[in-house]
Amino acid sequence: MVSPVVSNGVYVILGASGNTGSIIANSLLSKGEKVRVMGRDPGRLQRFVGKGAEAFTADMSDAAALTNAFSGARAAYLMLPPAKSRKNQERESDAIAKAVKESGLLYAVHLSSYGAQVPEGTGPVAGLHSSEQKLNAISGLNVLHLRAAYFMENSLAAIGMIHWMGLLGNALLPDLKLPMIATRDVGNYAAQRLLHLDFSGKQTRELLGERDLSMTEATAVIARGIGHPDLRYEQFPYDQVQQVLTQMGIPPKGAALYIEMYKAINAGVLVPLEPRSPENTTPTSLENFVQDVFAAAYHGPAISA
Ligand SMILES: NC(=O)c1ccc[n+]([C@@H]2O[C@H](COP(=O)([O-])OP(=O)(O)OC[C@H]3O[C@@H](n4cnc5c(N)ncnc54)[C@H](OP(=O)(O)O)[C@@H]3O)[C@@H](O)[C@H]2O)c1
């Protein structure tokens, strides 16, 4: 099973073309590190190959391919793709854990979520709880679970609605404050920990963004940042949001999972464990995110096309 491995110093980055993986891959490459970028689409990995990375094309549920990818690596960034169903999440986390074990990988940073201490009833976050448990069961693995806050990038999905309906809506309570983080803060934090490998055993680190915001407050920040002062937040009924998610191409089981997550957030079940502190607070404010990312996407040609 676990054979002695000699590290060739390569970092393996799952989901390298994604929000967090791309930040990590670029950060490690800029430090001169050897990087193996993984994803299904070789075209989406080319920008890293151009900077010296090795592309590794595989599906996240292919344990044998992942075992090859991890073999001899210095460390890996592990993540599950956005959930299509709980069954799918289990298949992917099974494959990742099997590959970590069989390859004898010694260090991993694993993307999880705030609220992953709760085993069920939290939608996709329950799948991350399960993934944490599977990695924690691997003896000899040093793993750091990053329990990240609600991504600011989630707001990008509302751009069409703002253009067409003049409002920003989802299923979250208007005045409930929740931690929100820019994915670049998750990526930069993960890259630092991967560079230093300064963790051992099984550890978790909540990353709660710059501050907590309610959807009403977040919408006001977005309104100012895009020059749309009348923009307001509206809470939609769960069944309406589920329908919109399905129309956006999310499979029905995945959409149902997101509704379960919204309900868990609104009920106060999906919450951080720790009070805010310098250790779990990250630099990018929502104002910075709107200025650097949201406004460009809102005013960009892809949206108006
Ligand atoms: N949204 C939130 O508020 C939030 C908060 C905390 C944690 N999270 C967690 O963050 C994770 C998503 O992270 P992210 O935003 O950095 O990723 P992302 O931007 O959604 O990108 C997903 C990445 O995974 C790859 N991928 C997708 N399906 C794959 C498959 N079947 N096999 C191999 N690769 C696959 C994609 O590349 P290809 O398509 O090219 O294969 C892409 O690189 C999820 O686990 C989510 O639960 C989300």
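Conventions adopted
- Residues numbered from 1 in each chain as written.
- Predicted model: local features only at pLDDT ≥ 70, side-chain atom pairs only at ≥ 80, totals over all residues.
- Heavy atoms only, no water.
- Near = heavy atom within 4 Å.
- Polar contact = N/O pair within 3.5 Å; in protein donor to acceptor, adjacent residues only side chain to side chain.
- Areas by Shrake-Rupley, 256 points an atom, 1.4 Å probe, with all protein chains shown as cover.
- Helix = DSSP H or I, 4+ residues; strand = E, 2+ residues; numbered from the N terminus.
- Nonpolar A, V, L, I, M, F, W, Y, C, P; charged D, E, K, R; others polar.
- Expected span 1.5 Å × (residues − 1).
- Buried < 20%, exposed > 50% of the residue type's maximum accessible area, 1.4 Å probe, protein only.
- Domains from an automatic or database assignment.
- Contact = heavy atoms within 4.5 Å.
- Buried area = accessible area lost by both parts, 1.4 Å probe.
- Salt bridge = Lys/Arg side-chain N within 4 Å of Asp/Glu carboxyl O.
- Patch = residues over 30% accessible without salt bridge, like charges linked within 9 Å, V, L, I, M, F, W, Y side chains within 5 Å.
- Lys, Arg positive; Asp, Glu negative; His and termini not counted.
- Charge placed at Lys NZ, Arg CZ, Asp CG, Glu CD.

### Digging into the site of the ligand
Okay, step 1: Taken together, 27 residues form the shell around the ligand, and within it S17, T20, R40, M60 and L80 come nearest.
Okay, step 2: Here an oxygen atom of the ligand sits 2.6 Å away from a polar atom, N or O, in the side chain of T20.
Okay, step 3: In isolation the ligand offers 940 Å² of accessible surface; the protein chains occlude 86% of this area.
Okay, step 4: The set of elements that each furnish at least two residues to the shell around the ligand consists of helix 1 (19-30), strand 5 (107-113) and strand 7 (150-151).
Okay, step 5: No other element matches strand 5, which puts three residues into the shell around the ligand.
Okay, step 6: Of the residues contributing to the shell around the ligand, the split by class is 13 nonpolar, nine polar and five charged.

### Things to note about helix 7 (residues 183-196)
Okay, step 1: With 14 residues, helix 7 extends 20 Å from end C-alpha to end C-alpha; this agrees with the ideal 20 Å at 1.5 Å per step.
Okay, step 2: Buried residues of helix 7: T183, D185, V186, G187, A190, A191, R193, L194 and L195, and no others.
Okay, step 3: L197, located one to two residues past helix 7, shows a positive phi value of around 45 degrees.

### Describing the domain arrangement of the chain
Okay, step 1: Partitioning the chain into domains gives domain 1 (10-151 + 180-207) and domain 2 (154-176 + 210-299).
Okay, step 2: Relative placement of domain 1 and domain 2: their C-alpha centres are 24 Å apart.
Okay, step 3: Between domain 1 and domain 2, the residue contacts involve 26 residues of the former and 35 residues of the latter.
Okay, step 4: Here domain 1 and domain 2 share an interface that buries about 2,500 Å² over both sides, 58% of which is from carbon and sulfur atoms.
Okay, step 5: Its largest share of buried area at the contact with domain 2, domain 1 owes to Y150, M180 and E206, together 27% of the area lost on that side.
Okay, step 6: Where domain 1 packs against domain 2, one counts two salt bridges.
Okay, step 7: Between R184 and D292 there is a salt bridge, with its nearest N and O atoms 3.0 Å apart.
Okay, step 8: Viewed at the interface, domain 2 and domain 1 are joined by 13 residue pairs in polar contact (both at pLDDT 80 or more).
Okay, step 9: At the level of secondary structure, the elements contributing two or more residues to the side of domain 1 that touches domain 2 comprise helix 4 (86-103), helix 5 (124-136), strand 7, strand 9 (178-181), helix 7 and strand 10 (202-207).
Okay, step 10: Among the elements that take part in the side of domain 1 that touches domain 2, strand 10 stands out by supplying three residues, more than any other.

### Examining a positive patch on the surface
Okay, step 1: Among the surface-exposed residues, R40, R44, R47, K51 and K84 lie close enough to one another that they form a single positively charged patch.
Okay, step 2: Tracing the chain through its elements places K51 in the loop between helix 2 (42-49) and strand 3 (54-57).
Okay, step 3: Judged by its relative accessible area of 51%, K51 is exposed.

### Comments concerning helix 4
Okay, step 1: For helix 4, built from 18 residues, the straight-helix expectation of 26 Å at 1.5 Å per residue is met to within 8% by its first-to-last C-alpha distance of 25 Å.
Okay, step 2: Residues N88, Q89, E92, S93, A95, I96, A97, A99, V100 and S103 constitute the buried set of helix 4.
Okay, step 3: Packed against the buried residues of helix 4 are helix 3 (63-70), strand 4 (75-78), helix 5 and helix 10 (252-266).
Okay, step 4: Phi turns positive, to about 75 degrees, at G104, one or two residues after helix 4.

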